[in-house]
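So you can see what is in the structure, the chains are spelled out below.
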Number of protein chains: 2
Amino acid sequence: MQHYERVEKVRLLVVDDDPPIADLVATVARYEGWEAVTAYTGEDALRRAAEFHPDIVVLDLMLPGVDGFGVLDRLRAFGTMVPVVFLTARDGVADRVAGLTRGGDDYLVKPFAVEELMARLRTVLRRCAGPAFQRSVLRVGDLTMDEDTREVRRGARLLSLTPTEYEVLRYLMRKSPTVLTKAQILDHVWEYGFGGRSNVVELVVSRLRRKLDETDEGGSPLIHTVRGFGYVLRQAAE
Amino acid sequence: MQHYERVEKVRLLVVDDDPPIADLVATVARYEGWEAVTAYTGEDALRRAAEFHPDIVVLDLMLPGVDGFGVLDRLRAFGTMVPVVFLTARDGVADRVAGLTRGGDDYLVKPFAVEELMARLRTVLRRCAGPAFQRSVLRVGDLTMDEDTREVRRGARLLSLTPTEYEVLRYLMRKSPTVLTKAQILDHVWEYGFGGRSNVVELVVSRLRRKLDETDEGGSPLIHTVRGFGYVLRQAAE
DNA sequence: AGTCCGGCGACAGCTTCCCGACAGCTCCCC
DNA sequence: GGGGAGCTGTCGGGAAGCTGTCGCCGGACT
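Residues numbered from 1 in each chain as written. Chains lettered and ligands numbered in written order. Predicted model: local features only at pLDDT ≥ 70, side-chain atom pairs only at ≥ 80, totals over all residues. Heavy atoms only, no water.

Novice: Can you break down the overall build of chain A residue by residue, with the values?
Specialist: When helices and strands are counted, chain A shows eight helices and twelve strands. When burial is assessed residue by residue, chain A has 50% of its 238 residues classed as buried. Considering only contacts within chain A whose residues lie at least 6 apart along the sequence, 57% involve residues at least 24 apart. Accessible surface, chain A: about 11,000 Å² in total, of which carbon and sulfur atoms supply 52%. (Helix = DSSP H or I, 4+ residues; strand = E, 2+ residues; numbered from the N terminus. Buried < 20%, exposed > 50% of the residue type's maximum accessible area, 1.4 Å probe, protein only. Contact = heavy atoms within 4.5 Å. Areas by Shrake-Rupley, 256 points an atom, 1.4 Å probe, with all protein chains shown as cover.)

Novice: I'd like a description of the protein's contact with DNA strand D, backed by residues and values.
Specialist: Among the 23 residues in the neighbourhood of DNA strand D, the closest are listed as Thr162, Thr164 and Ser198 of chain A together with Thr164 and Ser198 of chain B. The share of sugar and phosphate among atoms of DNA strand D within 4 Å of the protein is 60%. Between Thr164 of chain A and DNA strand D, the recorded distance is 2.4 Å, taken from a side-chain N or O atom to a phosphate oxygen. Among the elements of the structure, helix H6 (163–175) and helix H8 (200–213) of chain A together with helix H6 (163–175) and helix H8 (200–213) of chain B are those that each provide at least two residues to the surface near DNA strand D. For the surface near DNA strand D, a count of residues per class yields ten nonpolar, nine polar and four charged. (Near = heavy atom within 4 Å. Polar contact = N/O pair within 3.5 Å; in protein donor to acceptor, adjacent residues only side chain to side chain. Nonpolar A, V, L, I, M, F, W, Y, C, P; charged D, E, K, R; others polar.)

Novice: I'd love a proper account of the domain arrangement of chain A, names of residues and values included.
Specialist: Residues and elements named next belong to chain A. Considered domain by domain, chain A is made up of domain 1 (11–129) and domain 2 (137–233). Counting residues at the interface gives 14 residues for domain 1, matched by twelve residues for domain 2. Buried surface at the junction of domain 1 and domain 2, summed over both partners, amounts to about 1,200 Å²; 47% is from carbon and sulfur atoms. Scanning the region where domain 1 abuts domain 2 turns up four salt bridges. Arg174 serves as the salt-bridge partner of Glu115, at 3.4 Å between the closest nitrogen and oxygen. Run the count over domain 1 and domain 2 and you get five residue pairs in polar contact (both at pLDDT 80 or more). (Domains from an automatic or database assignment. Buried area = accessible area lost by both parts, 1.4 Å probe. Salt bridge = Lys/Arg side-chain N within 4 Å of Asp/Glu carboxyl O.)

Novice: I'd love a proper account of the sheet that holds strand S10 (residues 180–181) of chain B, names of residues and values included.
Specialist: All names here are of chain B. The strand order across the open sheet formed by three strands is S10-S12-S11, and the pairing between neighbours is antiparallel. Every interior strand has two partners, whereas the edge strands, S10 and strand S11 (223–226), have only one. Judged from the four bridges that link them, S11 and strand S12 (residues 230–233) form a sheet pairing that is antiparallel. In the sheet register, His224 faces S12, and the bridge partner there is Val232. Contacts from H6 reach S10, S11 and S12 within the one sheet, and its direction differs from that of S12 by about 70°. (Pairing = 2+ DSSP bridges. Axes fitted to C-alpha atoms, helices over the stretch in contact; angles between N-to-C directions.)

Novice: Break down the pattern of salt bridges for me, with residues and values.
Specialist: As enumerated under the stated definition, the model contains 41 salt bridges over all chains in all. The partner of Lys182 of chain B in a salt bridge is Glu202 of chain B, with the nearest N and O atoms 2.7 Å apart. One end of the pair, Lys182 of chain B, is in helix H7 (residues 182–189); the other, Glu202 of chain B, is in helix H8, and 20 residues separate them in sequence. Salt bridges sharing partners connect three or more residues here, namely Glu32, Glu115, Arg174 and Lys175 of chain A.

Novice: Any details on the protein's contact with DNA strand C? Residues and values, ideally.
Specialist: Taken together, 22 residues are adjacent to DNA strand C, and Lys182, Arg209, Thr225 and Tyr231 of chain A together with Arg209 of chain B come closest. Per the 4 Å cut-off to the protein, sugar and phosphate atoms form 75% of the nearby atoms of DNA strand C. Within the side chain of Thr225 of chain A, a nitrogen or oxygen atom sits 2.4 Å from a phosphate oxygen of DNA strand C. Contact distances for DNA strand C include 3.1 Å between a base oxygen and a side-chain N or O atom of Arg227 of chain B. Breaking the surface near DNA strand C down by element, the ones donating at least two residues are H8 of chain A together with H8 of chain B. The leading source of residues in the surface near DNA strand C is H8 of chain B, at five residues. Here the residues of the surface near DNA strand C sort into three nonpolar, eight polar and eleven charged.

Novice: Any chance you could break down the confidence of the model for chain A for me, citing the residues and the numbers?
Specialist: A residue-level look at chain A finds 86% of positions with pLDDT of 70 or above and a mean pLDDT of 87. Mean pLDDT across the secondary structure elements of chain A bottoms out at helix H4 (residues 93–101) of chain A, with 60, and peaks at strand S12 (residues 230–233) of chain A, with 98. (pLDDT = per-residue confidence, 0-100.)

Novice: Give me the lowdown on the packing of helix H5 (residues 114–129) of chain A against H6 of chain A, citing residues and values where you can.
Specialist: Residues and elements named next belong to chain A. For the pair H5 and H6, interaxial distance at closest approach is 11 Å and the crossing angle is 70°. When the axes of H5 and H6 are compared, the pair comes out roughly perpendicular. Crossing handedness for the pair H5 and H6: left-handed. Contact residues: Glu115, Glu116, Ala119 and Arg122 in H5; Glu167, Arg170, Tyr171 and Arg174 in H6. Of the residues that constitute the contact of H5 with H6, the class distribution is two nonpolar, no polar and six charged. (Parallel < 35°, antiparallel > 145°, perpendicular 65-115°, else oblique. Left-handed = near helix turned anticlockwise from the far one by under 90°.)

Novice: So, the pairing of strand S2 (residues 35–39) of chain B: which residues are in play, and what are the values?
Specialist: Residues and elements named next belong to chain B. Among the five residues of S2, four are classified as buried, and the element is accordingly described as predominantly covered. Here strand S1 (residues 11–15) pairs with S2 via five bridges, running parallel. The partner of Val15 across the bridge, within S2, is Ala39. Remark: the S1/helix H1 (residues 19–31)/S2 crossover connection has right-handed handedness. (Right-handed = clockwise from strand over helix to strand, strands pointing away.)

Written out as structure tokens, the structure is:
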């Protein structure tokens, strides 16, 4: 189920001047079994980094006082090579390029979906950890998902998924064989702040099912409905 | 809150401006062997949190004065990363809650069933405890219930239960081998304020029995009637 | 033997889920 | 910058499954 086995917990520092966002990320990370610490200002971020020694940093670019780049520069000035993932506002296209050229390892545009952030963090960690990047391939039954190439296969058949379908499926695969509620799926895969209290999840699942199972001779369905509760991805439950 | 096999009692803070509700939750928690403290206002909640250091918080969002969100913000501002389970009214705020629950914190809509609340609290605690992958499996005789996959088995045979049946069975299993009255079952599994002064419990038990025992050659029945009192779940009755 | 309590078949109303159809949007290509 | 293609979410009808009520029956206790 996990992509890389480290015995110690990943240590994450989250820097965002918007406490709810920072806490959101920290909470998610904790539920993944990581250790997470938050900072709401650039100064605080540097202090925390010094004492906490994070393995990875999530860094908002728009901070009051010392801004994101400043924080990064000073981190580097200390000789810390800790990987950094930037958060930026929607329209700051300039920020993106600048961010990457100035030593960030990845970036994400706000508002983001928590699963996507976690996925990127795992990718960055994976890249930094091993010399040759070990592929991360999720597998449930005869279904495989290669997170590097984004190839998804049912047996040998290559599936073509839309971005949303891909994300939902990844979440289902990562949590398999746990049953997930629609609310959980919505909360993890859609951007925070998404209003739609609708049946989007049902719909995407429906579309996913069709693609997963559209085989000529029936492979048994992989996505199961748990009525009154949610969905699971797993192989035939006898 | 570090390890799940904690010797110390779980410390729970319940915040609800409706004293009967808060006390109800606190009482049930104490009955489970937890330490529970109640607060009826936001200010009080912050005070109690500061001195009591809870492991988990149940927080009603509609509070007079400082509301639920305010309480949460200030808790977080202190650096407390204590997990929170929110309570909200049926309509209205539910949307805004969504944003807060993404992390893995959870929420419940009023009126809720006490057992469901306790189940979610246990889940959240379990997930915080560490590498988030430890399963919670209940077992009574040859009957097992996996709370993550929601799989229930009698021996090897997989049972398919409706949500209500599942909840009743879980309660019976958790309390086994204690005898429970119909009133207890009703009070714990159905929403507080449920009107039906009827024989629902009998009915669900009846349906459960059929599913549990429908084996070809008789596995001995697991649910036993204690006439004039209630029901027990246990292996051999004498 | 009478009375009471629990078991359970049958049914009706309701909730939940699935999915076809469609419209707004974005992104890309010309 | 106009047109097209694909993606995403809304609406709503229809089907399936779940829940609780009624009421009779049978067994248990007095």
